[in-house]
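As a plain string of letters, each chain reads:
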Amino acid sequence: MAWYNILMKSYIVGNWKMNFAVGESSVYLHKLTERIRASRDLEIVVAPSAIALQPLSLQIDRKKLRLAAQTANPHDFGAYTGEVSFAQLRGLVDYCIIGHSERRQLFHESDKQVRLAVAAALRNNITPILCIGETSTERTFGETSDVVRDQLLGGLSEVSAEDINKVIIAYEPIWAISSTTDAHIATPDEVAEIVTFIRRTLTDTYSSSIAEAIPILYGGSVKPTNAGAYLTVPGVNGLLIGGASLIADQFIDIIDTAKKVIS
Ligand code: PEP
């Protein structure tokens, strides 16, 4: 394990996507809170639907868990029907997932929106979790590093020098998300290669101390059975989890694995 895996805080982030009614979210959060022990070295974050953020922000035990939004609009206020802004989320959440592949692909979120969202999050005291990753076609055509570099540097382009170390990066190869077969799951070596590339890109663009201070998470079909392998990849500081975060036993199992890896 590289030294920065050991010194840096680790993160387990559960993206609940458009699942659970508000009441169910509250019951699930209660269950997690009962079963999780607070740890200074491991930040556990859950990202419920926007509608559940306000009630859960009153319920959450911040010593054990933190809240993330799944997306938000970069404008602070205005005529943007149906949207929720970072300014409105200020104080409710500590994190926001930005540029998730489902936002980019299903809702046509552009690179410009992603970069404005990263800046808006920081402006409103919310830590952006910037998602980057290639499609299977891009990988097949050998475009992975170009895509990852463009999404990384594009997403960070509005971030000032003093804010750059307040950002979290999540590498999520799109072909490995929600996979049902092992053929579409990234191997730890494949993850290591891209995470190393991301840190090298950050070093070349900013500095090695900044590159080493930015947490990089891995996401893509993480389960209790493979979490340990991803968490021990050099340079990986945590996991972004979709499907397995919806099942308490699996999510807690992954948290327990993370605690073992850290200790
Ligand atoms: C995701 O959608 O960000 C994700 C990682 O999902 P899953 O864990 O289900 O692959």
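Residues numbered from 1 in each chain as written. Predicted model: local features only at pLDDT ≥ 70, side-chain atom pairs only at ≥ 80, totals over all residues. Heavy atoms only, no water.

Asks: Describe the overall build of the chain, naming the residues involved and giving the relevant values.
Replies: Along its length, the chain carries 12 helices and eight strands. For the chain, whose C-alpha radius of gyration is 17 Å, the value lies close to the compact-globule estimate of 18 Å for 263 residues. Counting across all 263 residues of the chain, residues that qualify as buried make up 51%. One way to put it: in the chain the 24 positive side-chain charges average out to a point 7 Å from where the 29 negative ones average out. (Helix = DSSP H or I, 4+ residues; strand = E, 2+ residues; numbered from the N terminus. Rg over C-alpha atoms; globule rule 2.2 N^0.38 Å. Buried < 20%, exposed > 50% of the residue type's maximum accessible area, 1.4 Å probe, protein only. Lys, Arg positive; Asp, Glu negative; His and termini not counted. Charge placed at Lys NZ, Arg CZ, Asp CG, Glu CD.)

Asks: Describe in detail the pattern of salt bridges, supporting the description with residues and values.
Replies: For the structure shown, the criterion picks out 12 salt bridges. Between aspartate 111 and arginine 104 there is a salt bridge; the shortest N-O distance is 3.4 Å. Taken together, the shared-partner salt bridges connect Glu134, Arg139 and Glu190 into one network. (Salt bridge = Lys/Arg side-chain N within 4 Å of Asp/Glu carboxyl O.)

Asks: I'd love a proper account of helix α12 (residues 248-262), names of residues and values included.
Replies: Helix length check: α12, at 15 residues, gives a terminal C-alpha distance of 21 Å against a target of 21 Å (1.5 Å per residue), a fit within 8%. Along α12, the residues that are buried comprise Ala248, Phe251, Ile252, Ile254, Ile255, Thr257 and Ala258. Its buried side turned inward, α12 meets β1 (10-15), α2 (22-35), β2 (42-47), α11 (227-231) and β8 (238-241). (Expected span 1.5 Å × (residues − 1). Contact = heavy atoms within 4.5 Å.)

Asks: Requested: an account of the site of the ligand, with residues and values cited.
Replies: Every one of the 13 residues lining the ligand counts as a neighbour, but Lys17, His100, Ser178, Ser221 and Gly242 are closest to it. The separation between an oxygen atom of the ligand and a polar side-chain atom of glutamate 172 is 2.8 Å. Between the ligand and glycine 243, the relevant distance is 2.9 Å, taken from an oxygen atom to a main-chain nitrogen or oxygen of the residue. Burial of the ligand by the surrounding chains reaches 98%, relative to a free accessible area of 290 Å². (Near = heavy atom within 4 Å. Polar contact = N/O pair within 3.5 Å; in protein donor to acceptor, adjacent residues only side chain to side chain. Areas by Shrake-Rupley, 256 points an atom, 1.4 Å probe, with all protein chains shown as cover.)

Asks: Describe the sheet that holds strand β5 (residues 127-132), naming the residues involved and giving the relevant values.
Replies: The strand order β1-β2-β3-β4-β5-β6-β7-β8 describes a closed barrel built from eight strands, whose pairing is parallel. Each strand axis lies, on average, 25° off the axis of its neighbour in the sheet, ignoring direction. The pairing of strand β6 (residues 168-171) with strand β7 (residues 216-219) spans three bridges and is classified as parallel. Bridge pairing links isoleucine 169 to isoleucine 216 in β7. Across the sheet, α12 is in contact with β1, β2 and β8; its angle to β2 comes to roughly 155°. (Pairing = 2+ DSSP bridges. Axes fitted to C-alpha atoms, helices over the stretch in contact; angles between N-to-C directions.)

Asks: Would you mind going over the packing of aromatic side chains in detail, with residue names and values included?
Replies: Inspection of the entire model under this criterion finds six aromatic pairs. Considering the side-chain rings of tryptophan 16 and tyrosine 28, the 5.1 Å spacing of their centres and the 40° angle between planes classify their relative orientation as tilted. Of this pair, tryptophan 16 sits in the loop between β1 and α2 while tyrosine 28 sits in helix α2; the two residues are 12 residues apart in sequence, bridging distant segments of the chain. Using a relative accessible area of 6% as the deciding quantity, one classes tyrosine 28 as buried. Plain terms: the ring middles of tyrosine 171 and tyrosine 218 are 6.2 Å apart, the flat faces sit at 50° to each other, and that makes the pair tilted. Placement of tyrosine 171 in strand β6 and of tyrosine 218 in strand β7 is noted, with a sequence separation of 47 residues between them. On the basis of relative accessibility, which here comes to 0%, the residue tyrosine 218 falls in the buried class. An aromatic cluster of three or more residues is present, and its members are Trp16, Phe20 and Tyr28. (Phe/Tyr/Trp six-rings, centres within 6.5 Å; stacked < 30°, edge-to-face > 60°.)

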